[in-house]
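For reference, the chains in residue letters:
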Amino acid sequence: MSSYSIKKTPGDTDWFRHDRFGMFIHFGLYALPARHEWIKSYECIPEEKYNLYFENFNPDLFDARDWARQAKAAGMKYAVLTTKHHEGFCLFDSQYTDYKSTNTPFKRDIVREYVDAFRAEGLKIGFYYSLIDWHHPSFPIDRFHPRRNDPDAEMQDEGRDMHIYAAYMRDQVRELLTNYGKIDILWFDFSYDAPPAGDPNGKPWMRNGGGKGKEQWEAEALIALARELQPGIIIDNRADLEQDLWTPEQWQPTEWIKHEKTGEFVTWEACQTFSGSWGYFRDEMSWKSPEMLLHLLIDTVSCGGNLLMNVGPTGRGNFDSRAQKALNVFEDWMRYHGRSIYGCTMAEPEFKAPAGTKLTQSEDGKRLYIHLETYPFDSLAMENLADKMKYAQFLHDASEILWEKDGNRVIFKLPAVKPDVLVPVIEVIL
Ligand code: GLC
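The paragraphs below set out a description of the structure included in this document. Just so you know, these numbers come straight off a predicted model, no measurement behind them.

## Things to note about the pattern of salt bridges
Then, in step 1: The tally for this structure, following the rule as stated, stands at 30 salt bridges.
Then, in step 2: In this structure, arginine 339 engages glutamate 427 in a salt bridge whose closest nitrogen and oxygen atoms are separated by 2.6 Å. Remark: glutamate 427 occurs in strand 15 (residues 425–429) and arginine 339 occurs in the loop between helix 11 (321–337) and strand 8 (344–345); sequence separation between them is 88 residues.
Then, in step 3: When salt bridges that share partners are traced, they join Lys7, Glu242 and Glu264 into one network.

Structure follows, in structure tokens:
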């Protein structure tokens, strides 16, 4: 058994740490401008103008079963969909707002179709829910709000009542956690401090200096409600209250994340994008290479974490060719290498990864996986292994890898030609 003890979580995270790999889906009106999901805030777009996206929202190629099949083929075991992002638009038929997919030309409850399709493929279901809301009339104008620079912003802010908005969130979370069966993950996003003095986005009249956190969200009540409706649900930490999940975003931890106070290992999930933004961004050129995509997954598991890999569907509702190619990279590799990912974690500390490699180890401790991120010439030496190992093979084809002992060091003999997989893995039977 793995010797690591992990901080206990209020929700059921055992399946989660086993499954390791999920799909994040950012879909909303921002797929239409196709230049970042924050566009309403970045460009301070007025409501009337943003409304054009609502009036033209009609993702005719949307097929949740196709999304689910692609996620499953890529080796993902769960998914998290934006039921509402910061723009405030809801992908579900909420009775508490008109600003929802069922009132667009598309008319459909996208959350319902997502849940049905992903569940049918055997994937676990996650809901992302934005705490931030740039459409709700009661949401006080803060440092990120699209109206922050309006000449009459302070006047517009008067009378906005955060309690009304917090109650709205509870109503919607109740809908989401009541109307769609068992929900495995609730992903709140996000809390922020007041900006530093002198930041032009912070104004003297803004409440809490322009930031929002657990008090404003009434996070205790919100989370208590979620736990009452869905005991066992996994909740992230972004409502500014410690829950189950630590969520490093667009950066890769190089070691297992530890609790700030107790030093215990925590349950964590890195979230990453194919190309920088989360929503569909037509002109973005920063698509990650196939190797980098695989390294993100391998490096994450080698540090005891999960990876949530994001797709931003187009305004037609499908994954574009670049996203499909990226998913195919995972599909091709995971078909043969799932064994070094699922049910695996950081290798025991006695094992040190040779240069250019990353290690994972099965939870039962019986198999060690050496991921050859840089393919070595002729042989690979690893210390402190000779007395512990029985056998070695490539994972993708179960072909024996010959090895020699040199004291407690093992020297694996490798073929001169790198096998035809992006990251070959040596499976060591201990
Ligand atoms: C953020 C961003 C956002 C994205 C998310 C994913 O903080 O505001 O657009 O949804 O994180 O982690």
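That was the structure; now back to the text.
## Observations regarding empty space enclosed by the protein
Then, in step 1: If you walk through the whole model with that rule in mind, you get one cavity of 30 Å³ or more.
Then, in step 2: In this structure, the largest cavity spans a volume of roughly 100 Å³.
Then, in step 3: Along the wall of the largest cavity there are 14 residues; nearest its centre are Ser275, Gly279, Tyr280, Trp287 and Gly312.
Then, in step 4: Within the lining of the largest cavity, the residues separate by chemical class into seven nonpolar, five polar and two charged.

## With respect to the site of the ligand
Then, in step 1: Around the ligand lies a shell of 14 residues, among which His26, Glu37, Trp38, His85 and His86 are the nearest.
Then, in step 2: Here an oxygen atom of the ligand sits 2.6 Å away from a polar atom, N or O, in the side chain of glutamate 37.
Then, in step 3: Measuring from an oxygen atom of the ligand, one finds a side-chain N or O atom of aspartate 189 at 3.3 Å.
Then, in step 4: Protein chains bury 94% of the 300 Å² of accessible surface belonging to the ligand in isolation.

## Digging into the sheet that holds strand 6 (residues 269–273)
Then, in step 1: Reading across the sheet, the seven strands line up as 5-4-3-2-1-7-6 and stay open at both edges, with parallel pairing between neighbours. The open sheet has two free edges, formed respectively by strand 5 (234–235) and strand 6, since each of these has just one partner strand.
Then, in step 2: Note: strand 3 (residues 124–130) against strand 4 (residues 185–189), five bridges, orientation parallel. Bridging across to strand 4, serine 130 finds its partner in aspartate 189.

## Let's talk about the nonpolar core
One recurring pattern in soluble globular proteins is that nonpolar side chains are buried together.
Then, in step 1: With 101 residues, the main nonpolar core has Phe118, Phe127, Leu186, Phe188 and Trp217 as its most contacted residues.
Then, in step 2: Ignoring anything within four residues of it in the chain, the contact list for phenylalanine 118 reads Ile25, Ala64, Trp67, Ala68, Ala71, Ala79, Leu123 and Ile125.
Then, in step 3: The next biggest cluster of nonpolar side chains, apart from the first, holds 21 residues, and it includes Leu372, Leu385, Ala392 and Phe412.

## Details of the sheet that holds strand 14 (residues 409–413)
Then, in step 1: Sheet architecture is open: three strands sit in the order 11-14-13, paired in antiparallel fashion. Only two strands of the sheet have a single neighbouring strand rather than two, namely strand 11 (379–382) and strand 13 (403–406). The average angle at which neighbouring strand axes cross in this sheet is 20°, direction not considered.

## Examining the packing of helix 10 (residues 290–302) against helix 11
Then, in step 1: For the pair helix 10 and helix 11, interaxial distance at closest approach is 9 Å and the crossing angle is 60°. When the axes of helix 10 and helix 11 are compared, the pair comes out oblique. In the crossing of helix 10 with helix 11, the sense of the turn from one axis to the other is right-handed. Contacts between helix 10 and helix 11 pair Pro290, Leu293, Leu294, Leu297 and Ile298 from the former with Ala326, Val329, Phe330, Trp333 and Met334 from the latter.
Then, in step 2: Residues that form the contact of helix 10 with helix 11 fall into these classes: ten nonpolar, no polar and no charged.

## Here's the deal with the packing of helix 7 (residues 162–178) against helix 9 (residues 219–229)
Then, in step 1: Contact geometry of helix 7 with helix 9 gives a least axis separation of 10 Å together with a crossing angle of 15°. One way to sum up the angle between helix 7 and helix 9 is to call them roughly parallel. Relative to helix 9, the crossing made by helix 7 is right-handed. On the side of helix 7, the interface is formed by Met169, Arg170, Val173, Arg174, Leu177 and Thr178, while helix 9 contributes Ala221, Leu222, Leu225, Ala226 and Leu229.
Then, in step 2: In terms of residue class, the contact of helix 7 with helix 9 is built from eight nonpolar, one polar and two charged.

## Looking at the pairing of strand 4
Then, in step 1: By the criterion of burial, strand 4 is predominantly enclosed, with five of the five residues buried.
Then, in step 2: Of the two faces of strand 4, the one holding Ile185, Trp187 and Asp189 and the one holding Leu186 and Phe188 are both buried throughout.
Then, in step 3: Examined bridge by bridge, strand 4 and strand 5 share two bridges and lie parallel to one another. For leucine 186, the partnering residue across the bridge sits in strand 5 and is isoleucine 235.

## Considerations on the packing of aromatic side chains
Then, in step 1: The full count for this structure, using the stated rule, is 37 aromatic pairs.
Then, in step 2: Ring centres of phenylalanine 89 and tyrosine 99 lie 5.7 Å apart, and the angle between their planes is 85°; on these two criteria the pair is classed as edge-to-face. Taken together, the residues phenylalanine 89 in the loop between strand 2 (78–84) and helix 5 (110–120) and tyrosine 99 in the loop between strand 2 and helix 5 connect sequence positions ten residues apart. Exposure class is identical for phenylalanine 89 and tyrosine 99. Each is buried.
Then, in step 3: Here a set of aromatic residues connected by ring pairs shows up, and it is made of Trp38, Tyr42, Trp134, Phe139, Phe144, Tyr165, Tyr168, Phe190, Tyr192 and Trp217.
Then, in step 4: The cationic tip of lysine 40 hangs over the ring face of tyrosine 50; the distance from NZ or CZ to the ring centre is 5.1 Å.
Then, in step 5: Here the guanidinium or amino end of lysine 212 rests over the ring plane of phenylalanine 139, the centre of that ring lying 4.2 Å away.

Cut-off values and rules
- Sequence order as written defines the numbering, with residues in each chain counted from 1.
- Under the rules for a predicted model, residues below a pLDDT of 70 receive no local features and side-chain atom pairs below 80 are neither given nor counted, while totals for whole chains, interfaces and linings still include all residues.
- Side-chain measures here rest on the full set of heavy atoms in the structure, leaving out hydrogens and waters.
- Any carboxyl oxygen of Asp or Glu within 4 Å of a side-chain nitrogen of Lys or Arg constitutes a salt bridge here.
- Only runs of H or I of at least four residues qualify as helices and only runs of E of at least two qualify as strands under DSSP, and these elements are numbered from the N terminus.
- Note on definitions: the grid is 1 Å and covers protein atoms alone; a cavity is a set of points where a 1.4 Å probe fits but cannot get out; a pocket is an open set with protein on both sides within 12 Å along at least five of seven lines; lining residues have an atom within 4 Å of a point.
- Grid points are joined across faces, edges and corners, and a volume is the space filled by probe spheres set on the points.
- Three residue categories are used. Nonpolar comprises Ala, Val, Leu, Ile, Met, Phe, Trp, Tyr, Cys and Pro, charged comprises Asp, Glu, Lys and Arg, and polar comprises the others, including Gly.
- Proximity criterion: a residue is near a molecule or strand once any of its heavy atoms comes within 4 Å of it.
- Throughout this description, a polar contact denotes any pair of N or O atoms lying within 3.5 Å of each other; where both atoms belong to protein, one of them has to be capable of donating a hydrogen while the other can accept it, and for residues adjacent in sequence the pair is counted only when both atoms sit in side chains.
- With residues, only the protein chains shown are counted as cover, and all accessible areas are computed by Shrake-Rupley using a 1.4 Å probe.
- Any two strands with at least two DSSP-identified bridges between them are counted as paired.
- Take the buried residues of types Ala, Val, Leu, Ile, Met, Phe, Trp, Tyr and Cys, join any two whose side-chain atoms come within 4.5 Å, and each joined set is a nonpolar core.
- Partly exposed residues are those whose accessible area sits between 20% and 50% of the maximum for their type, while under 20% is buried and over 50% is exposed, using a 1.4 Å probe and protein chains only.
- Whether two residues touch is decided by their heavy atoms; if any such pair falls within 4.5 Å, the residues are in contact.
- Only the stretch in contact is used when fitting a helix axis, every axis being a line fitted to C-alpha atoms; angles between N-to-C directions are given from 0 to 180 degrees.
- By the definition adopted for this analysis, an angle is roughly parallel if under 35 degrees, roughly antiparallel if over 145, roughly perpendicular if from 65 to 115, and oblique otherwise.
- Should the near helix be turned counterclockwise from the far one by less than a right angle, the crossing is left-handed, whereas a clockwise turn marks it as right-handed.
- Each Phe, Tyr or Trp ring, with Trp reduced to its six-membered ring, pairs with another whose centre is within 6.5 Å; inter-plane angles below 30 degrees give stacked pairs, above 60 give edge-to-face pairs, and intermediate values give tilted ones.
- Sitting over a ring, as applied to charges here, requires NZ of Lys or CZ of Arg to be within 6 Å of the ring centre and within 35 degrees of the ring normal.

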